[in-house]
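The primary structure of each chain is shown beneath.
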Amino acid sequence: MGLSARTLNEEEFFYGHKACAGCGGSLAVRIALKVLGERSVAVLPAGCMSAVGFNFPQLCFGNNAIISTFAGTASMLTGVEAGLRAQGIDNFHAVGFAGDGGTADIGIQALSGAIDRNDDIIYICYDNEAYMNTGIQKSSLTPFGAKTTTTPAGSNIRGNLRPKKNMFEIVAAHGIPYAATASIGYLNDFMRKVEKASKIKGTKYIHILAPCPTGWGTATDETVEIAKEVVECGLWYLAEYENGGFTLNYRPKEFTDVAAYLKKQSRFKHLTEEDIQTVRYSRDAKWEAIYRNFKII
Amino acid sequence: MGKCFLSGNEAFAYGICLARPQVISAYPITPQTIVVEKLSELVEDGSLKAEFIHVESEHSALSCAIGASAVGARTFTATSSQGLLYMAECLTYASGGRFPIVMMNANRSTALPWNIYGDQRDSLSQLDCGWIQAYAENAQESLDLALMSYYVAEHREVSAPFMANLDGFVLTHTYEVVEVPAKEQADSFLPPFVTENKMDFGHPRNLAFSAGPEHNTAFKYKEHIGLLNAKKVIAEAEEKFARIFGRQYTGLIESYRTEDADYILITLGSIAGLVKEKVDKLRAEGKRVGLIRLRYIRPFPNEELAGALKNAKAIAVLEKDVSFGNEGTVFTNVNSALHKAGISIASSNYIGGLGGKNISEADIEKIFEELKEEKTTIQFLGLGGAEKWVYPQGL
């Protein structure tokens, strides 16, 4: 029987934290820990989830959990896994939850090292597309056009000029045993991927898009909807990498309007029709590559 | 194994092997490499049962060790110079989390200019990071420190990481005859690592958390007390060590012919061997000179120094370090100890050995000679032509 909201563990492992209303990242952490269960050690670097969950004496993880250095999510996971194994302890999950900056910027070296060693860890990147904890600064996973506090939208520069770094395929290029993309708009898909990762030996990487109402400028009750829409309009996709090949898990019948997705968010409000056309072109180029290189289900 | 001909690095590796760490994470840097190469051989041949993790940087080396320590594993790492600086963020992390990791640091100069040779600016720049800092004089002491480091670091009343410093090349690469204890002896000295400060499936914990202004001082105060407690635990460890192995160490400082000495040179690390020889020669000439070797600089031997220096007429601190714009850091620390004890004597600072510059017997003779003038000065040794740039002020 597959995992679903009906069969999911009722125990809460991430509870009583002070994340913003409508936080996508906290949903990803909460659901992943329900799938992985009590024999999990969670490692979280500096970032939103550690900032909202570890304020002494109000500690919010029901399982073992620790904050790592910002750059050290993967290397600390390595140590946790090796330390437990060296003491003869087995049947556990060493799982990391790092944001986009903690993963694609400052933490990418340690992540690459862990994948290279094929350490038996699960690394989950909750991607809210900017340094939200420090006040919405650009990361290398901030999409083209987004206004952040370090990529202001003015008359000279209209927000972030660079596209999102392709972390999923960068990770896959290591020859990792398992990597996947996900969105908090498709929780059954995410749960299935976490469960699958938990049964594979070696390094596992799941990249989950997790909207941030505070940073994206959306209503707090729209998080899940926007996380669906980003997939439906083709700016994000649900896929897996295993045994050396990519598989697309979900193919929208027809893409919804990119402009509608962008204009819902105040971070894209300034975009011109020309900018939106640029986004469409890059989406279409990406999907051409997906059709070329991915197995389509 | 009995008597072996070993370099400082190798001796330290054998000491670590006897301590049975469960996780070793390391990244190579000259002149530390041999200690981790030796340990990987000992893991390969089955002498040591440990997870050897080939991390991709020093930051990850210590981050990995913190992760392993946080689940209750005994851990070891080693570094030097730029590597120590690269992992600096993790140094305060390990100490703040009260993780008793042991690290060997091969003392080496720090860039710029690039230089692979030994001085002590790397470790002395990290005095405030909450680690115990010890400095070995020779290969035997290196091995013995490796074994004792875990005893001290893991002691419940200490719970602090331990940095054992070996002078780069001069100690790490010089071969000496070293007594390597038997495993059974080592096991009778060092108990297994037992801690409640760990993540545990029977008793889940959240570690390495945030603590705001209300609680922060209390955590830092306890950390400070832990390091101060190391003083009595070091004494306890050395007493037990002497009982089992027959080698007696002398706590935070080693006093050499200081009982009736008028002029005392204070230093740390391997240069102490040469100073001892010089002291013997000067003593033979009837000169009342002595040496104090700082074996530990954190915790700092305030009372020990005050006791040993109370009858001296003048002291000199010889160190391979400078805190730019002020003076040698060891000198600052020593003067603070004197001041607190109400001892008012001339103290001078000799900054030497930078970037591996040789400190000669003549240099040491000059220091003892100048001590008789009972002045307070700060001087560089081995300027190599830079004397033409005038020292801006009197001090």
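Residues numbered from 1 in each chain as written. Chains lettered and ligands numbered in written order. Predicted model: local features only at pLDDT ≥ 70, side-chain atom pairs only at ≥ 80, totals over all residues.

### Details of the overall build of chain A
Working step 1: Looking only at helices and strands, chain A has 11 helices and 11 strands in total.
Working step 2: Relative to its length of 297 residues, chain A is compact, with a C-alpha radius of gyration of 18 Å against a globular reference of 19 Å.
Working step 3: Considered along the principal axes of its C-alpha atoms, chain A spans approximately 60 × 45 × 40 Å.
Working step 4: Looking at the 297 residues of chain A, the share that counts as buried comes to 54%.
Working step 5: Contacts in chain A between residues far apart in sequence, at least 24 positions, make up 68% of those at least 6 positions apart. (Helix = DSSP H or I, 4+ residues; strand = E, 2+ residues; numbered from the N terminus. Rg over C-alpha atoms; globule rule 2.2 N^0.38 Å. Buried ≥ 20, exposed ≤ 12 C-beta atoms within 10 Å, placed from the backbone. Contact = placed C-beta atoms within 7 Å.)

### A short note on the overall build of chain B
Working step 1: When helices and strands are counted, chain B shows 13 helices and 16 strands.
Working step 2: In terms of overall size, chain B behaves like a compact globule, its C-alpha atoms giving a radius of gyration of 21 Å where 395 residues would be expected to give roughly 21 Å.
Working step 3: The principal-axis extent of the C-alpha atoms belonging to chain B is close to 65 × 55 × 40 Å.
Working step 4: Expressed as a percentage of its 395 residues, the buried residues of chain B come to 53%.
Working step 5: Put simply, of all contacts in chain B between residues at least 6 apart along the chain, 81% involve residues at least 24 apart.

### Focus on the sheet that holds strand S2 (residues 23–26) of chain B
Sheets are built from strands that pair by backbone hydrogen bonding, the pairs being arranged parallel or antiparallel.
All names here are of chain B.
Working step 1: With mixed pairing, seven strands are arranged side by side in an open sheet as S3-S2-S4-S5-S7-S6-S13. At either end of the open sheet lies a strand with only one pairing partner, and these are strand S3 (51–54) and strand S13 (296–298). The sheet shows a mean angle of 20 degrees between the axes of neighbouring strands, direction not considered.
Working step 2: The sheet contact formed by strand S4 (residues 75–79) and strand S5 (residues 102–107) spans four bridges and is parallel. Paired with Thr-79 across the bridge in S5 is Asn-105. (Pairing = 2+ DSSP bridges. Axes fitted to C-alpha atoms, helices over the stretch in contact; angles between N-to-C directions.)

### Regarding unusual backbone geometry
Peptide bonds are, in most cases, trans, and in most cases residues other than glycine have a negative phi.
All names here are of chain A.
Working step 1: Cis geometry is adopted by the peptide bond preceding Pro-57, which originates at Phe-56 and carries an omega value of 5 degrees.
Working step 2: Locating Pro-57 in the fold gives a position in the loop between strand S2 (54–55) and strand S3 (58–59).
Working step 3: In the Ramachandran plot, Asn-91 falls in the positive-phi region, its phi being about 60 degrees despite a non-glycine side chain.
Working step 4: Relative to the assigned elements, Asn-91 resides in the loop between helix H3 (73–86) and strand S5 (93–99).

### Notes on the nonpolar core
Working step 1: Core analysis: the biggest nonpolar cluster contains 220 residues, and Ile-124 and Ile-208 of chain A together with Val-152 of chain B have the highest contact counts within it.
Working step 2: Here this core spans two domains, since at least three of its residues come from each of domain 1 (2–245) and domain 2 (253–388) of chain B.
Working step 3: Setting aside chain neighbours within four positions, we find Ile-124 of chain A in contact with Ala-28, Ala-32, Val-95, Gly-96, Phe-97, Ile-206 and Ile-208 of chain A. (Core = buried A, V, L, I, M, F, W, Y, C linked by C-beta atoms within 7 Å. Domains from an automatic or database assignment.)

### As for the pairing of strand S4 (residues 64–68) of chain A
Working step 1: Among the five residues of S4 of chain A, five are classified as buried, and the element is accordingly described as predominantly covered.
Working step 2: Covered by surrounding structure in S4 of chain A are Asn-64, Ile-66 and Ser-68 of chain A together with Ala-65 and Ile-67 of chain A, the residues of both alternating faces.
Working step 3: Here strand S1 (residues 40–45) of chain A runs beside S4 of chain A; their pairing, made up of five bridges, is parallel. Residue pairing for S4 of chain A: Ala-42 of chain A is matched across the bridge by Ala-65 of chain A.
Working step 4: In this structure, S4 of chain A lies alongside strand S9 (residues 206–207) of chain B, joined through two bridges in parallel fashion. Directly across from Ile-66 of chain A, in S9 of chain B, lies its bridge partner Leu-207 of chain B.

### Remarks on the packing of helix H1 (residues 8–19) of chain B against helix H7 (residues 139–154) of chain B
All names here are of chain B.
Working step 1: Packing of H1 against H7 brings their axes to within 7 Å, and their N-to-C directions diverge by 30 degrees. Put simply, H1 runs roughly parallel to H7. Classified by chirality, the crossing of H7 by H1 is right-handed. Across the interface between the two elements, Gly-8, Ala-11, Phe-12, Tyr-14, Gly-15, Ile-16, Leu-18 and Ala-19 from H1 touch Ala-139, Gln-140, Ser-142, Leu-143, Asp-144, Leu-145, Ala-146, Leu-147 and Tyr-150 from H7.
Working step 2: Considering only residue class, the contact of H1 with H7 consists of 12 nonpolar, four polar and one charged. (Parallel < 35°, antiparallel > 145°, perpendicular 65-115°, else oblique. Left-handed = near helix turned anticlockwise from the far one by under 90°. Nonpolar A, V, L, I, M, F, W, Y, C, P; charged D, E, K, R; others polar.)

### A closer look at the sheet that holds strand S6 (residues 122–127) of chain A
Working step 1: An order of S11(A)-S10(A)-S9(A)-S7(A)-S8(A)-S6(A)-S5(A)-S1(A)-S4(A)-S9(B) is seen for the 10 strands of this open sheet, with the pairing classed as mixed. Lying at the two open borders of the sheet, with one neighbouring strand each, are strand S11 (294–296) of chain A together with S9 of chain B.
Working step 2: As paired strands, strand S10 (residues 245–248) of chain A and S11 of chain A are joined by three bridges and run parallel to one another. Opposite Thr-247 of chain A, over in S11 of chain A, you have Lys-295 of chain A as the bridge partner.

### Remarks on the environment of Ala-285 of chain A
Working step 1: Checked against the element boundaries, Ala-285 of chain A lands in helix H11 (residues 273–293).
Working step 2: In this structure Ala-285 of chain A comes out as exposed when scored by C-beta crowding, with 10 C-beta atoms within 10 Å.

### A short note on the domain arrangement of chain B
All names here are of chain B.
Working step 1: Partitioning chain B into structural domains gives domain 1 (2–245) and domain 2 (253–388).
Working step 2: For domain 1 versus domain 2, the distance between C-alpha centres works out to 27 Å.
Working step 3: On the side of domain 2, 21 residues touch domain 1, which itself brings 26 residues to the contact.
Working step 4: Breaking the side of domain 1 that touches domain 2 down by element, the ones donating at least two residues are helix H6 (121–124), strand S6 (132–135), strand S7 (162–167) and helix H9 (213–245).
Working step 5: If one sorts the elements of the side of domain 1 that touches domain 2 by residue count, H9 sits on top with five residues.
Working step 6: Considering only residue class, the side of domain 1 that touches domain 2 consists of 13 nonpolar, eight polar and five charged.

### Re the interface of chain B and chain A
Working step 1: Contacts between chain B and chain A engage 36 residues on the former and 35 residues on the latter.
Working step 2: Looking at which element gives the most residues to the side of chain B that touches chain A, the answer is helix H3 (residues 58–69) of chain B, with eight residues.
Working step 3: Here the residues of the side of chain B that touches chain A are counted per class, giving 20 nonpolar, 12 polar and four charged.

### Regarding the pairing of S6 of chain B
All names here are of chain B.
Working step 1: Taking every second residue as pointing to the same face, both faces of S6 are buried, with Ile-132 and Ala-134 on one and Gln-133 and Tyr-135 on the other.
Working step 2: In the sheet, S6 pairs with S7 via four bridges, with the strands oriented parallel. Paired with Tyr-135 across the two strands is Asn-165, which belongs to S7.
Working step 3: A crossover links S6 with its parallel partner S7, the connecting element being H7, and its sense is right-handed.
Working step 4: Relative to S13, S6 runs antiparallel, the two being bridged by two bridges. (Right-handed = clockwise from strand over helix to strand, strands pointing away.)

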